[in-house]
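# Observations on the model geometry
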Amino acid sequence: MESAPEAAGFRKQMRSPHPFISDPHRTLYGKYGVQKGTVGQLINLRAAIQAVRAAFSGVFQGKPTSDPSQLGGCIVLDEHQQVVWQMSAKTAADIVTEQQLREALDRLD
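A few points on the structure. (Residues numbered from 1 in each chain as written. Predicted model: local features only at pLDDT ≥ 70, side-chain atom pairs only at ≥ 80, totals over all residues. Heavy atoms only, no water.)

### Here we look at the nonpolar core
The nonpolar side chains of soluble globular proteins are, as a tendency, buried together. M14, C74, V76, W85, M87, L101, A104 and L105 form the largest nonpolar core, which has eight residues in total. At the level of secondary structure, the elements contributing two or more residues to this core comprise β1 (73–77), β2 (83–88) and α5 (98–106). Sorting elements by how many residues they give to this core places α5 first, with three residues. Beyond its immediate chain neighbours, meaning those up to four positions away, C74 contacts W85, Q86, M87, V96 and L101. (Core = buried A, V, L, I, M, F, W, Y, C linked by side-chain atoms within 4.5 Å. Buried < 20%, exposed > 50% of the residue type's maximum accessible area, 1.4 Å probe, protein only. Helix = DSSP H or I, 4+ residues; strand = E, 2+ residues; numbered from the N terminus. Contact = heavy atoms within 4.5 Å.)

### A short note on the environment of D78
Residue position: D78 is located in the loop between β1 and β2. Remark: the alpha-carbon pair of D78 and L108, spanning 30 residues in sequence, is separated by 6.6 Å. Aside from chain neighbours lying at most four places away, what touches D78 is V84 and L108. Among the polar contacts made by the side chain of D78, one reaches the main-chain amide nitrogen of H80 at a distance of 2.8 Å. (Polar contact = N/O pair within 3.5 Å; in protein donor to acceptor, adjacent residues only side chain to side chain.)

### A short note on α5
For α5, the full list of buried residues reads L101, A104 and L105. The arc that holds the buried residues of α5, viewed along the axis, is 95°, so those residues lie on one side. Counted as exposed and oriented over 90 degrees from the buried face of α5: Q99 and D106. Along its buried surface, α5 packs onto α1 (4–14), β1 and β2. (Arc of directions from axis to C-beta.)

This is how it looks when you write it as structure tokens:
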């Protein structure tokens, strides 16, 4: 959902050889069914526990730069633009792990 430069920075940080797509207008979110969250999906005990754990490990949520009600998701497409793996968050606590993403991307190679 972020700008192209922010997506490029994240790609670099992840050291990924795979292309990333920037979707600031959330067109692909709609196409692949990644929903905006309700109050209950955004603010719940599981999300609060994850936030506390993150804070104790030194990770804090920064100021939102886009729509904070947009739930997360991750979609991996193959060279034919077919979905080979997808995770769409049901709550704000549903986060794709680096391991999940790397495993999905490794299956493309």
